[in-house]
Amino acid sequence: MSTLKTLNGNQTIAEAVRQIDPDVLAAYPITPSTAIVETIAKFKADGLITGEFVCPESEHSAMSVCIGASSAGGRVMTATASQGLALMWEMLYIAAGLRLPIVAAIVNRSLSAPINIHGDHSDTMGARDSGWIQIYSENCQEAYDNFIQAFRIGEDLKVRTPVFVGLDGFIISHSLEVIQVEDDDKIKKFVGEYKPVYPLLDISRKMTVGPIDFTDYYFEHKRNQMEGIENAPSVIEAVGKEFGQKFGREYGFFEEYRMDDAELCIVVMSSAAGTCKDAVDELRSDGKRIGLLKPRIFRPFPYEKIAETLKKMKAVAVLDRSSSPGAFGAPLFTEVRSALYDYAERPYIVNYVYGLGGRDIKVEHFKEVALKLEKIAETGKVEETYGYINLRE
Amino acid sequence: MKKETWKELTIGTINLDAGNSVKNLTGTWRSGKKPQFIEEKCIQCFFCWLYCPHSAILVEGGEVKGINYDYCTGCGMCSVECPPKEKAIIMVKEEAKLAEGGAE
Ligand code: SF4
Ligand code: SF4
């Protein structure tokens, strides 16, 4: 019997970790993800988990431990945020290049400077080309569900790629929510036993992990690596369906909210999507034909499916909780806009950056966006392709 | 040497062909100079063998016998390390080197 528990985002991740009980957990505490590491340490001290818990001296070392342990043949996880993820930077590419299915819970937080501890997506968006699969969560329940699915996705033999599970700093990590916690044995069964490929601890096999490649092999190895993440969509879909069958909550690449007859659409990820749903409800009761598309998977980016859904819209606003200085729009926008390029029929599309450093985004802000979209759809004129929400201008 | 396509490679950069660096003829990197071994002068101190970064010192029956030019890059370390009184390895001019093989 699954049980209802009152947990915050960090506790839901720790709860999932306890149920999965990976072989090695290596993490260095950093706000706002500290409580994940702290709770895991407590579980270990209380004998509730059997995995090795390693406390290294930095996040760079934490990811290095993960890489070593995963190469050795273990199921491995970590948790971090912001500067911690930034410090892992060079090791992230190595984990992906070595095709190690490490799972990392990332409590999304802004990057310095200026120093700030609150939620935005600068950290994971900064690592968007590191080769990791990226899954984003709207609330605590999704964080729990996504974290569990992440092991199945990353560890699939066709995929063998590390996975980030993002949850917004403070807004999710520190907010209590009543969530459905599934039975330990059912989660263990769903995740299954870990089967390493080419584990270093298999001493019957002579091999080298990560030898040097020159101009003659690097390119082929990189292409070989990309195949893993490119194989992920079918696995993500199957795992999301199976999760739905087993636990009643099905997952896909993105969620469509009141999109059936929508003409206008707001694309926004993570916790802000929850607020956007309220705005959409209010706008709908005013007769506006507006919907929400909430991407769940950012890498691999489900460009075809998103474009198929958005191509019939009149106007679309993509909201990004990170910026890409000097680029033509923020990360989510450039993906969505690019996905639509091949379609003759495509909507007007604009980008708004919101919520940097944890700045609030409220129902009224989504309504302002809706108003702008209405105007664009009516007049066929886009005054600003790229703007900001709730910023003192 | 036939090189694998990206599809033929083992995932995760893993190399299951243990010891395959013998296929990498580092001697192709040599240019201009090569070491010459003068057997009569050699006192078998093994300094050259110890210092050679490419394991290119030929040892047979427990004795230094010469240089394996397939792997010798001509770095000259062996001749520097060879004791000054003996100098059983000297660097000499080399007109042509190995034409092909090894890493690009
Ligand atoms: S020249 Fe360098 S590579 Fe060649 S044998 Fe001497 S030490 Fe080794
Ligand atoms: S260093 Fe000189 S003397 Fe010593 S073993 Fe080598 S060639 Fe002989």
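Analysis parameters
- Residues numbered from 1 in each chain as written.
- Chains lettered and ligands numbered in written order.
- Predicted model: local features only at pLDDT ≥ 70, side-chain atom pairs only at ≥ 80, totals over all residues.
- Heavy atoms only, no water.
- Helix = DSSP H or I, 4+ residues; strand = E, 2+ residues; numbered from the N terminus.
- Rg over C-alpha atoms; globule rule 2.2 N^0.38 Å.
- Buried < 20%, exposed > 50% of the residue type's maximum accessible area, 1.4 Å probe, protein only.
- Lys, Arg positive; Asp, Glu negative; His and termini not counted.
- Charge placed at Lys NZ, Arg CZ, Asp CG, Glu CD.
- Near = heavy atom within 4 Å.
- Nonpolar A, V, L, I, M, F, W, Y, C, P; charged D, E, K, R; others polar.
- Domains from an automatic or database assignment.
- Salt bridge = Lys/Arg side-chain N within 4 Å of Asp/Glu carboxyl O.
- Polar contact = N/O pair within 3.5 Å; in protein donor to acceptor, adjacent residues only side chain to side chain.
- Pairing = 2+ DSSP bridges.
- Axes fitted to C-alpha atoms, helices over the stretch in contact; angles between N-to-C directions.
- Contact = heavy atoms within 4.5 Å.
- Buried area = accessible area lost by both parts, 1.4 Å probe.

Where do I start with the overall build of chain A in this structure?
Scanning chain A from terminus to terminus reveals 13 helices and 15 strands. A compact globule built from 393 residues would reach a C-alpha radius of gyration of about 21 Å, and chain A, at 21 Å, matches this within 12%. Considered along the principal axes of its C-alpha atoms, chain A spans approximately 70 × 55 × 45 Å. Looking at chain A as a whole, 56% of its 393 residues qualify as buried. Seen as two clouds, the 44 positive and the 56 negative side-chain charges of chain A have centres 2 Å apart.

Would you mind showing me how to read the site of ligand 1 here?
Near ligand 1 you find P35, C52, P53, I57, I67, C72, T73, G74, C75, G76, M77 and C78 of chain B, and these make up its full shell. When grouped by side-chain class, the residues that make up the shell around ligand 1 number nine nonpolar, three polar and no charged.

What should I look at first to understand the domain arrangement of chain A in this one?
By convention, interface size is frequently given as the accessible area that disappears when the constituent parts associate. Residue and element names in this part refer to chain A. Its domain assignment divides chain A into domain 1 (3-247) and domain 2 (254-388). The interface formed by domain 1 and domain 2 contains four salt bridges. One salt bridge in this structure joins K294 and E142, with 2.6 Å as the shortest N-O distance. Our count for the contact surface shared by domain 1 and domain 2 stands at 16 residue pairs in polar contact (both at pLDDT 80 or more). Broken down by secondary-structure element, the contributors of at least two residues to the side of domain 1 that touches domain 2 are α5 (122-126), β6 (133-137), α6 (140-155) and α9 (232-247). A per-element tally of the side of domain 1 that touches domain 2 places β6 first, with five residues. Among the residues making up the side of domain 1 that touches domain 2, the classes are represented as eleven nonpolar, ten polar and seven charged.

I tried to follow the sheet that holds strand β14 (residues 348-353) of chain A on my own but got confused; where do I start?
Backbone hydrogen bonds are what pair the strands of a sheet, in a parallel or an antiparallel way. Residue and element names in this part refer to chain A. Overall, mixed pairing links the six strands, which are arranged β9-β11-β10-β13-β14-β15 in an open sheet. With one partner strand each, in any of the chains shown, β9 (254-257) and β15 (386-388) form the two edges of the open sheet. Across the sheet, the mean angle from the axis of one strand to that of its neighbour is 20 degrees, orientation sign disregarded. In this structure, β9 lies alongside strand β11 (residues 290-295), joined through four bridges in antiparallel fashion. If you follow Y257 over to β11, its bridge partner there is L292. Across the face of the sheet, helix α12 (residues 331-340) comes into contact with β10 (264-267), β11, β13 (315-320) and β14 while running at roughly 150 degrees to β13.

Hey, could you run me through the pattern of salt bridges in this one?
Proximity of charged atoms lets side chains of opposite charge pair with each other. Residue and element names in this part refer to chain A. Taken as a whole, this structure holds 34 salt bridges over all chains when the rule is applied. Notably, a salt bridge pairs R152 with E242, separated by 2.8 Å at the nearest N-O pair. Here R152, found in helix α6, pairs with E242, found in helix α9; they are 90 residues apart in sequence, far enough to count as distant. Two residues, E242 and K246, come together in a salt bridge whose shortest N-O distance is 3.0 Å. Taken together, the residues E242 and K246, both in helix α9 and four residues apart, mark about one turn of the helix. The network of salt bridges with common partners includes E138, E142, E255, K277 and K294.

Is there a simple way to think about the sheet that holds strand β7 (residues 163-168) of chain A in this case?
All names here are of chain A. Spatially, seven strands are ordered β3-β2-β4-β5-β7-β6-β12 in an open sheet, and the strand pairing comes out mixed. Where the open sheet ends on each side, the last strands, each with one partner, are β3 (52-54) and β12 (297-299). Within the sheet, the average angular offset between the axes of one strand and its neighbour, ignoring direction, is 20 degrees. Bridge count for β6 against β12 is two bridges, and the pairing is antiparallel. Bridge pairing links I135 to I297 in β12.

Can you help me understand unusual backbone geometry in this one?
Peptide bonds are, in most cases, trans, and in most cases residues other than glycine have a negative phi. With an omega of -5 degrees, the peptide bond between S112 of chain A and A113 of chain A qualifies as cis. Along the chain, A113 of chain A falls in the loop between β5 (103-108) and α5. Put simply, R299 of chain A and P300 of chain A share a cis peptide bond, and its omega is -5 degrees. Along the chain, the position of P300 of chain A falls in the loop between β12 and α11 (303-310). Of note, R99 of chain A is a non-glycine position whose phi angle comes to about 55 degrees, a positive value. Judged by relative accessible area, R99 of chain A falls into the buried class, the value being 5%. Located in the positive-phi region is S55 of chain B, a residue other than glycine, with phi close to 50 degrees. Secondary-structure assignment places S55 of chain B in the loop between α1 (47-51) and β2 (57-60).

Explain the interface of chain B and chain A here, please?
If you look at the interface, chain B gives 16 residues, while chain A gives 22 residues. Buried surface at the junction of chain B and chain A, both sides included, amounts to about 1,800 Å², of which 66% is carbon and sulfur. Together, W6, I11 and T13 of chain B form the three largest contributors to the area buried by chain B at its contact with chain A, with a combined 36%. Our enumeration of links across chain B and chain A arrives at zero salt bridges. The tally of links between chain B and chain A comes to five residue pairs in polar contact (both at pLDDT 80 or more). Taken together, the residues of the side of chain B that touches chain A break down into seven nonpolar, five polar and four charged.

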